[in-house]
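Geometric and topological summary
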Amino acid sequence: MNIQTAFPSAYLKAVDLQGRRVLVTIAHVKLEDVGDDHKPILYFVGKEKGLVLNKTNANMITEIAGTDETDEWDGIKVCLYSTKVDFQGKRVDALRVDYPDS
């Protein structure tokens, strides 16, 4: 058992993808309280969990969609994948967004 799966989350985590690249369609973006912060959450058609947007993923979606207006992202297809990133001096798993045909 992967210990990360023992702690379910309302939001997508890298472990949820199980090493796969997943094609999704954006349904909408909604601001929500996440811990002590107010963050944009990206929701997908037919999926329960949303993706807490960070600057890196938001910038990539802006590039893919051709606009930084989140109200215009509905219906845009993106690919989600997990990768290792440096965070606070450690290598950790992270979710990233890519073009749908990459």
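Anything mentioned here points back to the structure above.
Cut-off values and rules
Residues numbered from 1 in each chain as written. Predicted model: local features only at pLDDT ≥ 70, side-chain atom pairs only at ≥ 80, totals over all residues. Heavy atoms only, no water. Helix = DSSP H or I, 4+ residues; strand = E, 2+ residues; numbered from the N terminus. Buried < 20%, exposed > 50% of the residue type's maximum accessible area, 1.4 Å probe, protein only. Contact = heavy atoms within 4.5 Å. 1 Å grid on protein atoms, 1.4 Å probe; cavity = no way out; pocket = protein on both sides within 12 Å on 5 of 7 lines; lining within 4 Å. Points joined across faces, edges and corners; volume = space filled by probe spheres on them. Nonpolar A, V, L, I, M, F, W, Y, C, P; charged D, E, K, R; others polar. Arc of directions from axis to C-beta. Polar contact = N/O pair within 3.5 Å; in protein donor to acceptor, adjacent residues only side chain to side chain.

1. Details of the side chain of T25
- Residue placement: T25 occurs in strand β1 (residues 22-34).
- Judged by its relative accessible area of 19%, T25 falls in the buried class.
- Here T25 is in contact with Y43, F44, V45, G75, I76 and K77, once residues within four sequence places are set aside.

2. A word on the layout of surface pockets
- Taken as a whole, the largest pocket holds about 560 Å³ of empty space.
- If you go around the largest pocket, you meet 19 residues; those closest to its centre are A14, N54, D93, A94 and L95.
- Element by element, the count of residues in the lining of the largest pocket is highest for strand β5 (residues 90-98), at five residues.
- Looking at the lining of the largest pocket residue by residue, the class counts come to eleven nonpolar, four polar and four charged.

3. Remarks on the environment of D36
- On the secondary structure map, D36 appears in the loop between β1 and β2 (37-44).
- Taking relative accessible area as the criterion, D36 reaches 83% and is therefore assigned exposed.
- Spatially, the C-alpha atom of D36 lies 23 Å from that of V15, the residues being 21 residues apart in sequence.

4. Side note on helix α1 (residues 55-65)
- Residues of α1 that are buried include every one of N57, A58, M60, I61 and I64, and no others. Around the axis of α1, the buried residues are gathered within 160° of arc, so they sit on the same side.
- On its buried side, α1 packs onto β1, β2, β3 (51-52), β4 (77-87) and β5.
- The backbone nitrogen of T56 lies 3.3 Å from a side-chain oxygen of the residue at the head of α1, namely N54.
- After α1 finishes, the residue G66 shows a positive phi value of roughly 80°.

5. Details of the environment of S82
- The residue S82 is located in strand β4 in this model.
- On the accessibility criterion, S82 (28% relative accessible area) is partly exposed.
- Expressed as a C-alpha distance, the spacing of S82 and L17, which sit 65 residues apart in the sequence, is 7.1 Å.
- In this structure S82 touches A14, L17, G19 and A94, once residues within four positions along its chain are discounted.

6. Section: the side chain of D98
- Mapped onto the secondary structure, D98 falls in strand β5.
- Judged by its relative accessible area of 16%, D98 falls in the buried class.
- Engagement of the side chain of D98 in a polar contact is seen with the side chain of R21, the distance being 3.1 Å.
- Setting aside anything within four residues of it in sequence, one finds D98 in contact with R21, M60, I64, V78, C79 and Y81.

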